[in-house]
Every structure is written in structure tokens, then in C-alpha cells.
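For reference, the chains in residue letters:
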Amino acid sequence: MSSSPSTAPPGRVSSGKASVGAVPPDNGSGDGGSGSGDSGGRPAGTAARVRRQLPTSPWLFAAPGLLVVGIFILYPFVSTVVNAFTDRRTLIPGEFVGLANFRELLHDEMFWIGLRNSTLYVVGVVPALVLLPLLLALLVQKNIPGIAFFRSAFYTPVVASIVVVGLIWVWLLDERGLVNSLLEAVGVGRVGFLSDQWLLLLSAMAVTVWKGLGYYMIIYLAALANVPRELHEAAAVDGAGSIRRFLTVTVPAVRSTMVLVGALSSVAAFKVFSEVYLMAGPGGGPAGEDTTLVMLVQRTGTGLTGRVGYASAISVVVFVVTVALMLLVLRADRKEDA
């Protein structure tokens, strides 16, 4: 008498033996266990090939950006450093002269005038651009009706062309401009904003501060949004007034942002060109006394007889000083943290 067939369902093991309909384990060989590819139907070697391409693929995506950086940043920088040690002119390749250009800088009166004006620009502009945008950000961070208009109005000078801004201020501060007309109307008399050496430099500083307020205000607004409101409420409960809360809560909370603003504004102030050039003219004001270092680079290194090597030496000095300024700001920040 023959035995009855097993009643165990497919895929089950009955009496220690695998049934006829048992499903084999999935070994990742693909549909139907064909072994011709992975679960997605790709060939077995596709994943291996993808893994072999990964180390080089990011460089292919970064290649366009690296090419732009190399052509417009790295190559000009290296070329400037090399030219600083040659006597190259605009139409003459020049020869290696060692430190002759840098020794000449020590005896160049215009170089010291430019260094003085650029340093004074940093001293006059940076403190204003660190503090005033913070106060402005505190004013416009309140959610009151119409505040969006004032935020846009304060940011408008940032997006305006520096050439347009410079020309507007020249028209305002000219001997026959609007400001002098108002001063004369009230009996003060005309002021030589663009003819006096120091007033011209101060006027250029005022334009730089006015144009940069909105930019740094946005940076401070982002930092103030991260200051916990509970800190202000706790200080108010302890009896601290507005000034006390500003000094003990707001300033410590945004100190890292103040360091960033100080570093950015100091580098930009030391490399100032457009504001002074537009207001003082190509000659750098009366007797060239308002010339900055970048203006000296432009004046010395351009034209058919431009001294490219000497201008490159001045550019190297500007680069070294700006790096030193950033390091000083970062070092001061680390000392305060310690």
C-alpha cells in the first residue's frame, strides 16, 4: 500500500526533510535565481564598476569650478608674486632684480602716503561698521507694521553701483552741491569736502560706512535670530535696563559675528579704491595726499609705460598686510575666549 503524499505546505520542512515545493533562500542573484544580475536586474559587475568610478567622479564635477579658480585667482596671484621680483613693464618682459622693488618702496614717499591713508581708513571705518549695523539690526528686527520697508531701504545702498553712489555723493559734497548750499543758507559757509585733504578722506569713509551698513545689518539679523529670548527676559526680571541687556546679553551672544564683521570690513577698508578714486580723482586729491595703496598700484602699473614689477611689489605688501589684519582679529578673538 503506497504512502500518502506529504500535506506540508510549500516552503515548509516536514519530518526533518525539505519538501518538494521549498523556496530556496534568496542569494541576491536576481529574479528567478538566474544569477545574471542584482535584484534590480543590473549585471553583476555594475556595482563594482560604480565603486571604482567614485574616487574620480567628484573631481569631474569640481573641475569647472577649479578651472575658474585657477585661471582667475591662482594664476594672477602667482604671476603677481613672480613679477614683484622683476623689472617688468607693460610691453617689456623684464628681468629678475631680486628685492630691488621692495627696497625702492622704503624710499618712495607716495608708498608711505598710501600706507598711511589705507591704515587711517581701517581705523576710521572698521569700528563704525562693527557697531552701527548691530544697532541698526536691533531696530529693524522688531515685527512692527512697515518694518519691511525700512529693511529694504537700509539695504538699497548695498545693491547700488559704487560708481553711481560715488557720483551722487560727489554732486552732494561739491563746492556748489546741495550740502554746501544748505550750509551757506544757514550761515555756516561753504566747506571744502572735496578740496581739503582730511575732509575728503573723511567723506570717503562716510560713503563706505553708508554703503556697508545694510550688508552687515543682514549678517547681524541672522545672528540676533539665534539669541534666546529667555536670556533677555531673565535679565529684565533681574532689573537690567535696555543698555545693560545690550552689553550683557546681546554683545556676548553675537561676539563671534562681530569678529567676522571686523575681519571682513578691515580687509575691505585696507583695499579701498572706488570711493577715494571717485571722490578724489585719479590724482588722489590735493597733491596726491589722499592716495591709497590700491590707487597707487593702479596708477603705477597701468598705461604703456606702467611699471608692472613695481606695482606687483606694492600688491604683495597689500596682501601681506591684509592677511596680518585677519590674523590679528582672530588672535584677539581667541584671547577673549581663553
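In this text, all values refer to a predicted model and were calculated from it rather than measured experimentally. (Residues numbered from 1 in each chain as written. Predicted model: local features only at pLDDT ≥ 70, side-chain atom pairs only at ≥ 80, totals over all residues. Heavy atoms only, no water.)

Student: Would you mind going over the overall build of the protein chain in detail, with residue names and values included?
Tutor: Secondary structure summary: the protein chain contains 14 helices and two strands in total. Per-residue burial for the protein chain yields a buried fraction of 32% across its 338 residues. Of the contacts made within the protein chain by residues no fewer than 6 positions apart, 62% connect residues no fewer than 24 positions apart. Within the structure as shown, the protein chain displays about 21,000 Å² of accessible surface, and the carbon and sulfur contribution to it stands at 67%. (Helix = DSSP H or I, 4+ residues; strand = E, 2+ residues; numbered from the N terminus. Buried < 20%, exposed > 50% of the residue type's maximum accessible area, 1.4 Å probe, protein only. Contact = heavy atoms within 4.5 Å. Areas by Shrake-Rupley, 256 points an atom, 1.4 Å probe, with all protein chains shown as cover.)

Student: Which residues make up the packing of helix α6 (residues 162-173) against helix α7 (residues 178-185), and what values do they have?
Tutor: Running from N to C, α6 and α7 point in directions that differ by 25°, and their axes come no closer than 4 Å. Taken together, the axis directions place α6 and α7 in an arrangement best described as roughly parallel. Here α6 contributes W171, L172 and L173 to the contact with α7, which in turn contributes L178, V179 and N180. Tallied by class, the residues present in the contact of α6 with α7 amount to five nonpolar, one polar and no charged. (Axes fitted to C-alpha atoms, helices over the stretch in contact; angles between N-to-C directions. Parallel < 35°, antiparallel > 145°, perpendicular 65-115°, else oblique. Nonpolar A, V, L, I, M, F, W, Y, C, P; charged D, E, K, R; others polar.)

Student: Give a description of the layout of surface pockets that names residues and reports values.
Tutor: Using a probe with the size of a water molecule, rolled over the atoms, empty space left in the structure can be pinpointed. Taken as a whole, the largest pocket holds about 620 Å³ of empty space. What lines the largest pocket is a set of 15 residues, among which L138, Q141, K142, H232 and T250 lie closest to the centre. Residue assignment for the lining of the largest pocket shows that the elements contributing at least two residues are α4 (109-140), α9 (229-237) and α10 (242-253). Per-element accounting of the lining of the largest pocket gives the leading share, five residues, to α10. (1 Å grid on protein atoms, 1.4 Å probe; cavity = no way out; pocket = protein on both sides within 12 Å on 5 of 7 lines; lining within 4 Å. Points joined across faces, edges and corners; volume = space filled by probe spheres on them.)

Student: Tell me about the packing of aromatic side chains, residues and numbers included.
Tutor: Here the structure, examined in full by the defined rule, presents seven aromatic pairs. Pairing F149 with F150 gives two aromatic rings, centres 5.4 Å apart and planes at 75°, and the pair type is edge-to-face. Looking at F149, the relative accessible area reads 59%, which means it is exposed. Between W169 and W210 the ring centres are 5.7 Å apart and the planes differ by 70°, which places this aromatic pair in the edge-to-face class. One end of the pair, W169, is in helix α6; the other, W210, is in helix α8 (residues 197-224), and 41 residues separate them in sequence. (Phe/Tyr/Trp six-rings, centres within 6.5 Å; stacked < 30°, edge-to-face > 60°.)

Student: Describe the pattern of salt bridges, listing the residues and the values that go with them.
Tutor: For the structure shown, the criterion picks out three salt bridges. A salt bridge links E289 to R116; the nearest nitrogen and oxygen atoms lie 3.3 Å apart. With E289 in the loop between α12 (274-280) and α13 (293-301) and R116 in helix α4, the pair connects residues that are 173 residues apart, well separated along the chain. In this structure R116 comes out as partly exposed when scored by relative accessible area, which is 29%. Linking E184 and R190 is a salt bridge whose minimum nitrogen-to-oxygen distance equals 2.8 Å. Note on R190: relative accessible area 38%, which makes it partly exposed. (Salt bridge = Lys/Arg side-chain N within 4 Å of Asp/Glu carboxyl O.)

Student: An account of the environment of A332 is needed here, citing residue identities and associated values.
Tutor: The topology assignment puts A332 in helix α14 (residues 308-337). With 73 residues separating them along the chain, A332 and V259 place their C-alpha atoms 8.9 Å apart.

Student: An account of a nonpolar patch on the surface is needed here, citing residue identities and associated values.
Tutor: The grouping of F77, V78, V82, F319, V320, V323, L327 and L330 at the surface amounts to a nonpolar patch, some 680 Å² of accessible area in total. Among the elements that take part in the nonpolar patch, α14 stands out by supplying five residues, more than any other. Residue class for L327 comes out exposed when judged on its relative accessible area of 52%. (Patch = residues over 30% accessible without salt bridge, like charges linked within 9 Å, V, L, I, M, F, W, Y side chains within 5 Å.)

Student: Summarise α6; cite the residues concerned and give the values.
Tutor: Between its terminal C-alpha atoms α6 stretches 16 Å, which fits the 16 Å expected from twelve residues at 1.5 Å a residue. Turning to α6, its buried residues are V165, G166, V170 and L173. Down the axis of α6, the smallest arc covering the buried residues is 135°, so these residues share one side. Where the residues of α6 are buried, they touch α7, α8 and α12. (Expected span 1.5 Å × (residues − 1). Arc of directions from axis to C-beta.)

Student: Which residues make up the confidence of the model for the protein chain, and what values go with them?
Tutor: In this model, the protein chain carries an average pLDDT of 84, and 83% of its residues clear a pLDDT of 70 or more. Note on residues 1-24: pLDDT under 50 across the span, and ten contacts to partners over four residues away in sequence or across chains. Segment residues 26-39 is flagged for pLDDT under 50; beyond a separation of four residues in sequence, or across chains, it makes 15 contacts in the model. (pLDDT = per-residue confidence, 0-100.)

Student: For the environment of L129, give the residues involved together with the corresponding values.
Tutor: Counting through the fold element by element, L129 comes out in helix α4. A sequence separation of 132 residues divides L129 from V261, and the C-alpha atoms of the two residues are 7.6 Å apart.

Student: Which residues make up unusual backbone geometry, and what values go with them?
Tutor: One non-glycine residue, A287, lies in the positive phi region at around 60°. Relative to the helices and strands, A287 is located in the loop between α12 and α13.

Student: Outline the packing of helix α5 (residues 147-159) against α8, listing residues and values.
Tutor: For the pair α5 and α8, interaxial distance at closest approach is 6 Å and the crossing angle is 120°. Taken together, the axes of α5 and α8 are oblique relative to one another. For α5 against α8, the interelement crossing comes out left-handed. Judged by residue contacts, R151, F154, Y155, P157 and V158 of α5 engage W210, K211, G214, Y215, M217 and I218 from α8. (Left-handed = near helix turned anticlockwise from the far one by under 90°.)

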